[in-house]
Amino acid sequence: MEWTATQQEMLDGRLGQASRKSMEILRALGEIYGARRFIEVKSVQIAGVSYDNLGDAGLEFLSEMARDGRVQVLTTLNPAGMDLENWRALGISEAFAEKQKLVIDAFSRMGVITTCTCTPYFVGNRPGLGDPIAWSESSAVCYANSVLGARTNREGGPSALAAALTGLTVEYGYHLDEARQPVVTVEVTHEMRDQIHFGALGQVLGKRLGNQVPYIKGIRTATVEQLKSLCASVATYGGTALFHLEGITPEKVREPDAGLRVADEEIEAAVRAMSDDAQVDFVAIGCPHCSLEELRTLAELLKGKKVVRETWVAVARPVKEQADREGIGRLIEASGAKFAADTCFVVAPIRGRFHCMATNSAKSVFYARGKNRFKTVFAPLEKLVDIATQG
Ligand code: F3S
């Protein structure tokens, strides 16, 4: 790899120990992937924020980096293990909360904007077409690459932090034109009416294509909410961090010759397979984190009703604050549903607390079953409200 005089100073530790360590992490990554140089990034999103995943070793690493590390670019965080304000209402223990706050404090000392969300693009961390960035969370990475046309690999926690503290990443993978070209055309004929169809399509594509980049045809329109569901699902079940949707996503690419069809029945079967025959005791809405538009719809659906099952709505705090200003936050809470700002159902320590989770997120189904050993019911938002409110 080649580097500039300033980058050499960082590698020598003349700009501090955190930037030296960060450069070493990035250089090692560059050597593994055969990168030729460092490139500047416009923004960073760091995963590895929940104390549930980090443990004491992770907290110690962050505290050490916070001694002299300061972020060089706009940097936000992935969901934490709890709502940073409302954690008691969600049943989080004092001991966990204390550790989680230390994690957030360490990031804060480094100058990170401690908004914890997998939808940073709703809260001001929104790169543009062609911008190099270093993001971590898989659905956000897929959204940035595919829907916004920005360029990022799927960073691990340490490499994203290293990018934040240096303003740099190494040029390989999705930063390069050739890796962004689709290799297979996918024809979709199913009428894609609901978010759950996009989640199911993501599952089918993920399982059939692995990490190949698809060029998807046949979907005429898609809302932001449907696109974030597709991103979350395709990245979870397959591993690709990029797709192109004909007429919808912004990047100009060549349509590949090789192709496959997704039969309508495959999508219907995927929807059915994500539901178990079990009694729901937990309703989880907001994976990826809800948009303001979703909160408006939810408030409308919940108006005048009371939930009879534990119901959480995961969201970025600034989106919740906007909902509060519009009066819809109050409407949602009046039903008994609880906001889970800053966190989500996968990184919060909830294993063993519930038996069956209802969700409209294919990604949540994967982790609820795999990580938390819950049964699942996969259904559209309207149905989730029925489940939450009917005895
Ligand atoms: Fe976001 Fe958590 Fe889902 S990070 S995409 S709400 S699993």
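Cut-offs applied
Residues numbered from 1 in each chain as written. Predicted model: local features only at pLDDT ≥ 70, side-chain atom pairs only at ≥ 80, totals over all residues. Heavy atoms only, no water. Helix = DSSP H or I, 4+ residues; strand = E, 2+ residues; numbered from the N terminus. Rg over C-alpha atoms; globule rule 2.2 N^0.38 Å. Buried < 20%, exposed > 50% of the residue type's maximum accessible area, 1.4 Å probe, protein only. Contact = heavy atoms within 4.5 Å. Areas by Shrake-Rupley, 256 points an atom, 1.4 Å probe, with all protein chains shown as cover. Axes fitted to C-alpha atoms, helices over the stretch in contact; angles between N-to-C directions. Parallel < 35°, antiparallel > 145°, perpendicular 65-115°, else oblique. Left-handed = near helix turned anticlockwise from the far one by under 90°. Nonpolar A, V, L, I, M, F, W, Y, C, P; charged D, E, K, R; others polar. Phe/Tyr/Trp six-rings, centres within 6.5 Å; stacked < 30°, edge-to-face > 60°. 1 Å grid on protein atoms, 1.4 Å probe; cavity = no way out; pocket = protein on both sides within 12 Å on 5 of 7 lines; lining within 4 Å. Points joined across faces, edges and corners; volume = space filled by probe spheres on them. Arc of directions from axis to C-beta. Expected span 1.5 Å × (residues − 1).

J.: Is there a simple way to think about the overall build of the protein in this case?
T.: A tally of helices and strands in the protein yields 15 helices and 14 strands. Radius of gyration (C-alpha) of the protein: 21 Å, near the 21 Å computed for a compact globule of 391 residues. Overall, the C-alpha framework of the protein stretches about 65 × 55 × 35 Å when taken along its three principal axes. In the protein, which comprises 391 residues, the share counted as buried stands at 58%. Across the protein, the fraction of contacts at a sequence separation of at least 24, relative to all contacts at a separation of at least 6, is 79%. Accessible surface computed for the protein: about 15,700 Å², of which carbon and sulfur atoms make up 48%.

J.: Explanation requested: the packing of helix α11 (residues 292-302) against helix α12 (residues 317-326) in the structure shown.
T.: Helix-helix packing is described using two parameters, namely the angle between the two axes and the distance between the axes. Between α11 and α12, the shortest axis-to-axis distance is 10 Å and the interhelical angle comes to 45 degrees. Classed by the angle they form, the pair α11 and α12 counts as oblique. Crossing angle aside, the handedness with which α11 passes α12 is right-handed. Mapping the contact onto sequence places L292, L295 and R296 in α11 and V319, Q322, A323 and E326 in α12. A breakdown of the residues in the contact of α11 with α12 according to their chemical character gives 4 nonpolar, 1 polar and 2 charged.

J.: Just checking my understanding: could you explain the packing of aromatic side chains for this structure?
T.: By convention here, two paired aromatic rings are described through the distance between centres and the angle between planes. Counting across every chain of the model gives 11 aromatic pairs. A ring pair is formed by Y237 and F366, whose centres lie 5.3 Å apart and whose planes are at 80 degrees; its orientation type is edge-to-face. Of this pair, Y237 sits in helix α9 (residues 224-237) while F366 sits in helix α14 (residues 362-370), and the two are 129 residues apart along the sequence. Taken together, the aromatic side chains of F282, W312, F345, F354 and F374 make up a single cluster linked through ring pairs.

J.: Help me understand the layout of surface pockets in this model?
T.: The rolling of a water-molecule-sized probe over the atoms marks out the regions of remaining empty space. Estimates place the volume of the largest pocket at around 420 Å³. Mapped onto the lining of the largest pocket, the elements with two or more residues apiece are α5 (138-148) and α14. Across the lining of the largest pocket, the residue classes tally to 10 nonpolar, 9 polar and 5 charged. Of the pockets and cavities examined, the second largest pocket occupies roughly 220 Å³. In terms of lining residues, the second largest pocket is bounded by R193, D194, Q195, T223, E225, Q226, E293, E294, T297, N360, L381 and E382. Those elements giving two or more residues to the lining of the second largest pocket turn out to be α9, α11 and α15 (381-389). Sort the elements by how many residues they give to the lining of the second largest pocket and α11 lands first, with 3 residues. Residue classes in the lining of the second largest pocket are distributed as 1 nonpolar, 5 polar and 6 charged.

J.: What am I meant to see in empty space enclosed by the protein here?
T.: All chains considered together, the criterion is met by 2 cavities of 30 Å³ or more. Roughly 40 Å³ of internal volume is contained in the largest cavity. If you go around the largest cavity, the residues you meet are G199, S229, A232, S233, C287, N360, S361, A362 and K363. If you list the elements that add at least two residues to the lining of the largest cavity, you get α9 and α14. With 3 residues, α9 is the largest single contributor of residues to the lining of the largest cavity.

J.: In this structure, what is going on with α11? I would like to understand it.
T.: Residues spaced three or four apart along an α-helix face the same direction, because each turn holds 3.6 residues. Taken as a whole, α11 has its buried residues at L292, E294, L295, L298, A299 and L302. Buried positions in α11, seen along its axis, are confined to an arc of 150 degrees and lie on one side of it. Phi turns positive, to about 75 degrees, at G304, one or two residues after α11.

J.: Would you explain the environment of P380 in this entry?
T.: As for its placement among the helices and strands, P380 is situated in the loop between β14 (375-378) and α15. Residues P380 and H197 lie 183 residues apart in sequence; the distance between their C-alpha atoms is 9.1 Å. Filtering out sequence-adjacent residues up to four positions away, P380 remains in contact with D194, I196 and N360.

J.: Explanation requested: helix α2 (residues 17-33) in the structure shown.
T.: The first and last C-alpha atoms of α2 sit 25 Å apart over 17 residues, in line with the 24 Å expected at 1.5 Å per residue. Every buried residue of α2 is accounted for by A18, S19, S22, M23, L26, L29 and G30. The buried residues of α2 occupy an angular sector of 130 degrees when the element is viewed end-on, so they sit on one face. For α2, the exposed residues lying more than 90 degrees away from the buried face are E31 and I32. Lining the buried residues of α2 we find α1 (5-11), β1 (38-40), α3 (51-65), α6 (157-166) and β5 (168-170). Count one or two residues on from α2 and you reach G34, which has phi positive near 70 degrees.

J.: Hey, could you run me through the packing of α3 against helix α4 (residues 94-109) in this one?
T.: Here α3 crosses α4 at 45 degrees, and the two axes come no closer than 10 Å. Comparing their axes, α4 and α3 come out oblique. The hand of the α3/α4 crossing is left-handed. In contact with Y51, D52, L54, D56, L59, L62 and S63 of α3, α4 contributes F96, K99, Q100, L102, V103, A106, F107 and R109. Partitioned by chemical class, the residues of the contact of α3 with α4 number 9 nonpolar, 2 polar and 4 charged.

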